[in-house]
Amino acid sequence: MVGRVEYEPASVKDLLVEMKDTAELLIDLSYSAVLHHSEAIAEEVLALEERMDVLQIRARMSLMLAARNPEDAESLAPVLGITGAAEKISDAAGDIAKVVLDDIGLPENMRASLPVAIETLVRTTVIESSRYAGHTLAGLNLETETGVRVIAIRRGGDWVLNPSRETQLEPGDVLLLRGPEAGIAEVVETASGDSYTAPDIPDVADADLDRAVNSLVLMKNMSELAVDLAYGSVLYDSVPLAEEVIELEAEVDALKSRFEAWTLRAAAQSADPVSLRGLVHIAQSTEVISDAALEISEGVIRGLDSHVVVQEAVEESDEVITRTTVEAESELDGTTLGERAVKTETGMRVIAVRRPTDGTDDWEVQPGPETAVRAGDVLLAKGTRSGADNLAALTTA
């Protein structure tokens, strides 16, 4: 039974910070649950979705009390839109997770796409005898030594989203980990005492279905980027960033059309077309996420001033989004992200590169170490505020 939500005095800013971080984590976890066929991660998605429902109701209550006149209503309208968009992202993520929990059909091609689609993400529990218990993430130095990041911690009924270096791990903590297989295996065994077995990757050959799955993976990447840029547009009150969200949303729509065409062709040749239902469910939810991103940036697009509470909320979120242009003869000009060790040196993760080409923009979503960078490229990155300054130094001549 769903519990009653009663009004409690709360900062709208704090609620928006938690909603933003929760929405981003939900997207991450829901796709990981599908790609790894993990019921454990899918269950975490539904638990977080429940938490988001409560946050959204409390935010609406606080906003209603804050609007005292027409001017307040006008300035708070975009804030209400952002809370509604975050809830839509949450619901869509829950629908994606249910593809796993309700055992809706998914073709083996979806799992075959796993290595190129996403890093390994697993859930594990810290036992009392683990050497991790009682130590901070800084003291353990997990990411440097293993390549594994703790992206969230569930502690009883509470969540620690984007834990900091000062966060201490405690017995019973449920950790959500992301990183390379070798590092994941080491961290899982040390934390829980259990061995980790990597999922088998099937070898399948179906050209039409491969194209459908590849389109869906690209939709996922574009939708995640759209959400990041939407919050960035609010932070900077940036019309150019908001316009990029519009372009990404249109690209997701185009990809969905291609996805539908390849899926229908694959279904015509499949002995079990019902097994493709899961793909259709995921595509529909992915489109909802990109539409919600557009709603987040709608106030900027329509020329409404960003309410100070929104800007403060995004600024105080655990991660920031930066947009910087690579200048000619800067340290990054003519190198790759890996050669310059951008993530290690700056602490910023480049989530996309926009490359002006012949009057149009080419996007490279989820760039890797081999991604070449040259003058004029626009880098979109996530990380800490100090990391943003470090990245700016590398891109400035």
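- As recorded in an unreviewed UniProt entry, the chain goes by Potassium channel protein and comes from Halodesulfurarchaeum formicicum.

1. Considerations on the overall build of the chain
In step 1: Looking only at helices and strands, one finds 15 helices and 10 strands in the chain.
In step 2: Every one of the 397 residues in the chain was classed for burial, and the buried ones make up 50%.
In step 3: Contacts in the chain between residues far apart in sequence, at least 24 positions, make up 80% of those at least 6 positions apart.
In step 4: When the accessible area of the chain is evaluated, it comes to approximately 18,000 Å², of which 49% is carbon and sulfur surface.

2. Focus: helix α3 (residues 70-101)
In step 1: In this model, α3 (32 residues) spans 46 Å end to end at C-alpha, consistent with the 46 Å of a helix rising 1.5 Å per residue.
In step 2: Among the residues trailing α3, Asp103 stands out with phi positive, at a value near 55°.

3. Some words on the side chain of Thr395
In step 1: Along the chain, Thr395 falls in helix α15 (residues 385-395).
In step 2: Taking relative accessible area as the criterion, Thr395 reaches 1% and is therefore assigned buried.
In step 3: Beyond its immediate stretch of four places on either side in the chain, Thr395 contacts Thr324, Thr325, Val326, Glu327, Ser330, Leu332 and Leu379.

4. Concerning the packing of aromatic side chains
In step 1: Across all of its chains, the model carries zero aromatic pairs by this definition.
In step 2: Lying over the aromatic face of Trp262, Arg211 brings its terminal NZ or CZ to 4.7 Å of the ring centre.
In step 3: The ring of Tyr31 has Lys220 sitting right over it, with the charged end atom 5.7 Å from the ring centre.

5. A few points about the sheet that holds strand β4 (residues 174-179)
In step 1: Spatial strand order, β1-β4-β2-β3: four strands in an open sheet with antiparallel pairing. Strand pairing shows two members of the sheet lacking a second neighbour, β1 (120-125) and β3 (158-161), which therefore form its edges. Averaged over all adjacent pairs, the angle separating strand axes in this sheet is 20°, with direction ignored.
In step 2: Two strands pair when backbone bridges link them, and β1 and β4 are joined in this way by six bridges, in the antiparallel orientation. Across the sheet, the residue bridging to Thr125 is Val174, located in β4.

6. Focus on unusual backbone geometry
In step 1: Here the phi dihedral of Asn141 falls at roughly 55°; this positive angle occurs in a residue that is not glycine.
In step 2: Turning to its location among the elements, Asn141 is positioned in the loop between α6 (137-140) and α7 (142-146).
In step 3: One non-glycine residue with positive phi stands out, namely Ala341, at about 50°.
In step 4: Structurally, Ala341 is set in the loop between β6 (335-336) and α14 (342-346).

7. A few points about the pattern of salt bridges
In step 1: One pass over the full model with this rule turns up 22 salt bridges.
In step 2: Residues Arg355 and Glu364 are paired through a salt bridge, measuring 3.6 Å at the closest nitrogen-oxygen approach.
In step 3: Accessibility expressed as a relative area gives 13% for Arg355, which makes it buried.
In step 4: When salt bridges that share partners are traced, they join Lys20, Asp21, Glu24, Asp228 and Lys382 into one network.

8. Considerations on the pairing of strand β2 (residues 149-155)
In step 1: In terms of burial, β2 is a largely internal element, five of the seven residues being buried.
In step 2: Where β2 and β4 come together, five bridges link them in antiparallel fashion. Note on β4: the bridge partner recorded for Arg149 is Arg178.
In step 3: Pairing of β2 with β3 involves four bridges; the strand directions are antiparallel. Bridged to Arg154 within β3 is Trp159.
In step 4: Remark: two residues form the turn of the hairpin made by β2 and β3, two consecutive strands paired antiparallel; Gly156 in that turn has positive phi of roughly 65°.

9. Some thoughts on the nonpolar core
In step 1: Formed by 75 residues in total, the largest nonpolar core has its most connected members in Leu25, Leu29 and Ile296.
In step 2: Broken down by element, the residue count for this core peaks at 14 residues, all from helix α9 (residues 207-236).
In step 3: In terms of nonpolar packing, the next biggest core, distinct from the first, is built from 18 residues, Tyr132, Leu140, Leu142 and Val187 among them.

10. What to know about the environment of Leu229
In step 1: By the secondary structure assignment, Leu229 is in helix α9.
In step 2: Taking the relative accessible area as the measure of exposure, Leu229 reaches 0% and is therefore buried.
In step 3: For the pair formed by Leu229 and Ala293, sequence separation is 64 residues and the distance between their alpha carbons is 8.2 Å.
In step 4: The contact partners of Leu229, leaving out residues within four places of it in the chain, are Leu241, Glu244, Val245, Leu248, Trp363 and Leu380.

11. Some thoughts on a negative patch on the surface
In step 1: Together, Glu39, Glu43, Asp102 and Asp103 line one region of the surface with negative charge.
In step 2: Among the secondary structure elements, Glu43 is positioned in helix α2 (residues 39-66).
In step 3: Taking relative accessible area as the criterion, Glu43 reaches 44% and is therefore assigned partly exposed.

12. With respect to α15
In step 1: Listed in full, the buried residues belonging to α15 are Gly387, Ala388, Leu391, Leu394 and Thr395. All buried residues of α15 lie within an arc of 120° about the axis, which places them on one face of the element.
In step 2: Packed against the buried residues of α15 are β5 (320-325), α14 and β10 (378-383).

What counts and how
Every chain is numbered on its own, with residues counted from 1 as its sequence reads. Reporting of local features is limited, given that this is a predicted model, to residues whose pLDDT is at least 70; pairs of side-chain atoms are given and counted only at 80 or more, and all residues count toward the totals for whole chains, interfaces and linings. To obtain the side-chain values, all non-hydrogen atoms of the structure were included, while hydrogens and water were left out. Secondary structure is summarised from DSSP: a helix means a run of H or I of at least four residues, a strand means a run of E of at least two, and numbering begins at the N terminus for each. Relative accessibility decides the category of a residue: with a 1.4 Å probe and only protein chains considered, values under 20% of the type maximum give buried, values over 50% give exposed, and everything between is partly exposed. Only heavy atoms matter for contacts: two residues are in contact if any of them lie within 4.5 Å across the pair. Each accessible area is a Shrake-Rupley estimate made with a 1.4 Å probe; only the visible protein chains count as cover when residues are assessed. A helix is expected to reach a length of 1.5 Å times the quantity of its residues less one. Aromatic rings from Phe, Tyr and Trp, with only the six-membered ring used for Trp, were paired whenever their centres fell within 6.5 Å, and each pair was classed as stacked if the ring planes differed by under 30 degrees, edge-to-face if by over 60, and tilted otherwise. Both a distance and an angle decide whether a charge sits over a ring: NZ of Lys or CZ of Arg must be within 6 Å of the ring centre and within 35 degrees of the ring normal. When DSSP locates at least two bridges between a pair of strands, those strands are taken to pair. Lines fitted to the C-alpha atoms define the axes, with helices restricted to the stretch that makes contact. Angles between their N-to-C directions range from 0 to 180 degrees. Each reported salt bridge corresponds to a side-chain nitrogen of Lys or Arg within 4 Å of a carboxyl oxygen of Asp or Glu. As used here, the term nonpolar core means buried Ala, Val, Leu, Ile, Met, Phe, Trp, Tyr and Cys residues forming a set that is joined through side-chain atoms within 4.5 Å. Without a salt bridge and with relative accessible area above 30%, a residue can belong to a patch; like charges are then joined within 9 Å and nonpolar side chains (Val, Leu, Ile, Met, Phe, Trp, Tyr) within 5 Å. We treat Lys and Arg as the positive residues and Asp and Glu as the negative residues; His and chain ends play no part in the count. Note that the charge is assigned to NZ on lysines, CZ on arginines, CG on aspartates and CD on glutamates. Along the arc lie the directions from the helix axis toward the C-beta atoms.

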